[in-house]
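Read off the chains here:
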Amino acid sequence: MDQITIDQRHERFLALSAEAAACTLCPAMCERTAVLSELNGSLDARVMFVGEAPGRKGADRTRIPFSGDQSGKNFERFLSSIGLTRAEIFITSAALCNPRKPSGANRRPGASEISNCSDFLHRTIALVNPQVVVTLGGVALDALKLLHCHEFTLKNDGGRIRRWNGRLLVPLYHPSPQVLITSRDERAQLNDYQVVALAMRQLERLAGGDPSRRQG
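Residues numbered from 1 in each chain as written. Predicted model: local features only at pLDDT ≥ 70, side-chain atom pairs only at ≥ 80, totals over all residues. Heavy atoms only, no water.

Some details on the packing of helix H3 (residues 70–80) against helix H8 (residues 186–206)
- In the contact formed by H3 and H8, the axes pass within 9 Å of each other and the chain directions differ by 50°. One finds that H3 runs oblique with respect to H8. With respect to the hand of their crossing, H3 and H8 are arranged in right-handed fashion. From H3, Phe75, Arg77, Phe78 and Leu79 reach across to H8, where they touch Glu186, Gln189, Leu190 and Tyr193. (Axes fitted to C-alpha atoms, helices over the stretch in contact; angles between N-to-C directions. Helix = DSSP H or I, 4+ residues; strand = E, 2+ residues; numbered from the N terminus. Parallel < 35°, antiparallel > 145°, perpendicular 65-115°, else oblique. Left-handed = near helix turned anticlockwise from the far one by under 90°. Contact = heavy atoms within 4.5 Å.)

Quick look at the side chain of Arg184
- Structurally, Arg184 can be placed in the loop between helix H7 (177–182) and H8.
- Polar contacts involving the side chain of Arg184 include one to the side chain of Asp192, which spans 2.9 Å.
- Apart from the residues within four sequence positions on either side, Arg184 is in contact with Gly158, Gly159, Tyr173, Val179, Gln189 and Asp192. (Polar contact = N/O pair within 3.5 Å; in protein donor to acceptor, adjacent residues only side chain to side chain.)

Some remarks on the layout of surface pockets
- Of the volumes computed, that of the largest pocket is approximately 830 Å³.
- Lining of the largest pocket is provided by 34 residues; of these, Glu52, Ser71, Asn106, His174 and Ser176 occupy positions nearest its centre.
- Every element with two or more residues in the lining of the largest pocket is listed here: H3, helix H5 (138–143) and H7.
- Here the lining of the largest pocket takes four residues from H7, the largest share from any one element.
- Class assignment for the residues of the lining of the largest pocket results in 13 nonpolar, 15 polar and six charged.
- Counted as a void, the second largest pocket has a volume near 190 Å³.
- Lining the second largest pocket are 19 residues, and of these Ala20, Cys23, Met29, Ala34 and Cys97 sit closest to its centre.
- Mapped onto the lining of the second largest pocket, the elements with two or more residues apiece are helix H1 (6–21) and helix H4 (111–128).
- A per-element tally of the lining of the second largest pocket places H4 first, with four residues. (1 Å grid on protein atoms, 1.4 Å probe; cavity = no way out; pocket = protein on both sides within 12 Å on 5 of 7 lines; lining within 4 Å. Points joined across faces, edges and corners; volume = space filled by probe spheres on them. Nonpolar A, V, L, I, M, F, W, Y, C, P; charged D, E, K, R; others polar.)

Description of the pattern of salt bridges
- For the structure shown, the criterion picks out 12 salt bridges.
- The salt bridge involving Asp60 is made with Arg100; its shortest N-O contact spans 2.7 Å. Of the two residues, Asp60 sits in helix H2 (residues 59–62) while Arg100 sits in the loop between strand S2 (89–93) and H4, which places them 40 residues apart along the sequence.
- Two residues, Arg123 and Asp119, come together in a salt bridge whose shortest N-O distance is 2.9 Å. Separated by four residues within a single helix, Arg123 and Asp119 lie in helix H4, roughly one turn from each other.
- When its relative accessible area of 39% is taken as the criterion, Asp119 is described as partly exposed.
- Taken together, the salt bridges that share partners define one network made up of Glu19, Asp119 and Arg123. (Salt bridge = Lys/Arg side-chain N within 4 Å of Asp/Glu carboxyl O. Buried < 20%, exposed > 50% of the residue type's maximum accessible area, 1.4 Å probe, protein only.)

A short note on the packing of aromatic side chains
- Counted according to the given criterion, the structure contains five aromatic pairs.
- A ring pair is formed by Phe13 and Phe90, whose centres lie 5.8 Å apart and whose planes are at 85°; its orientation type is edge-to-face. Of the two residues, Phe13 sits in helix H1 while Phe90 sits in strand S2, which places them 77 residues apart along the sequence.
- When the centroid spacing of 6.4 Å and the interplanar angle of 15° are considered together, the rings of Phe49 and Tyr193 count as stacked. Residue Phe49 is found in strand S1 (residues 47–51), and its partner Tyr193 is found in helix H8; the two are separated by 144 residues along the sequence. Accessibility assignment for this pair places Phe49 and Tyr193 in one class, buried. (Phe/Tyr/Trp six-rings, centres within 6.5 Å; stacked < 30°, edge-to-face > 60°.)

Some remarks on the sheet that holds S1
- Sheet architecture is open: five strands sit in the order S2-S1-S3-S5-S4, paired in mixed fashion. At either end of the open sheet lies a strand with only one pairing partner, and these are S2 and strand S4 (162–164). Within the sheet, the average angular offset between the axes of one strand and its neighbour, ignoring direction, is 30°.
- In this sheet, S2 lies alongside S1 in parallel orientation, the contact comprising five bridges. In the strand pairing of S2, Val47 is matched with Ile89.
- On the sheet, H4 packs against S1, S2, S4 and strand S5 (167–172) and is oriented at approximately 165° with respect to S1. (Pairing = 2+ DSSP bridges.)

Honestly, that's just the spatial picture; any functional story needs more than this.
Set out below in structure tokens:
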């Protein structure tokens, strides 16, 4: 991405957020608003987390990704375990609006919904320009394929440092209560977050100890 000033980046992000808020590409989502604003985190973040979609009781209500529900509480705990705060990161999702079943319960976003949001994800990554991208769950990991092809899977690459599109990628499991019970328990997820910390340390060594140096 071309070098732009802080003010220019902020202006472009506000325009992107407004565009996402006005989007009507997904008929099932038109009654809900995209969760993309300054509440998502710092535009100077070195680490970007990408989730699946806003939860009905979580981000769709609070407007803050991974907050207000149990998945958010788990995420906060895992993040704190490596000394990171929300002020230091940026969080977005493969689908920016909350997908629901007719009953009102959360559902996984469909392929077309993820495809419709892929340009927003692409432009958000370009604006924030994180050195490390951390996906939370298989949906988020697969969503990256629409931006830059990869063959990573949670089964083979979960909790490992990979290279993707000129950045370090750490695929992690989703912090939902169901995933903690069925797929990746608390201890394993805490260990996975240590890999995120390791990726950050690797970047600092590559930058000669200067954590502010950015990698395109």
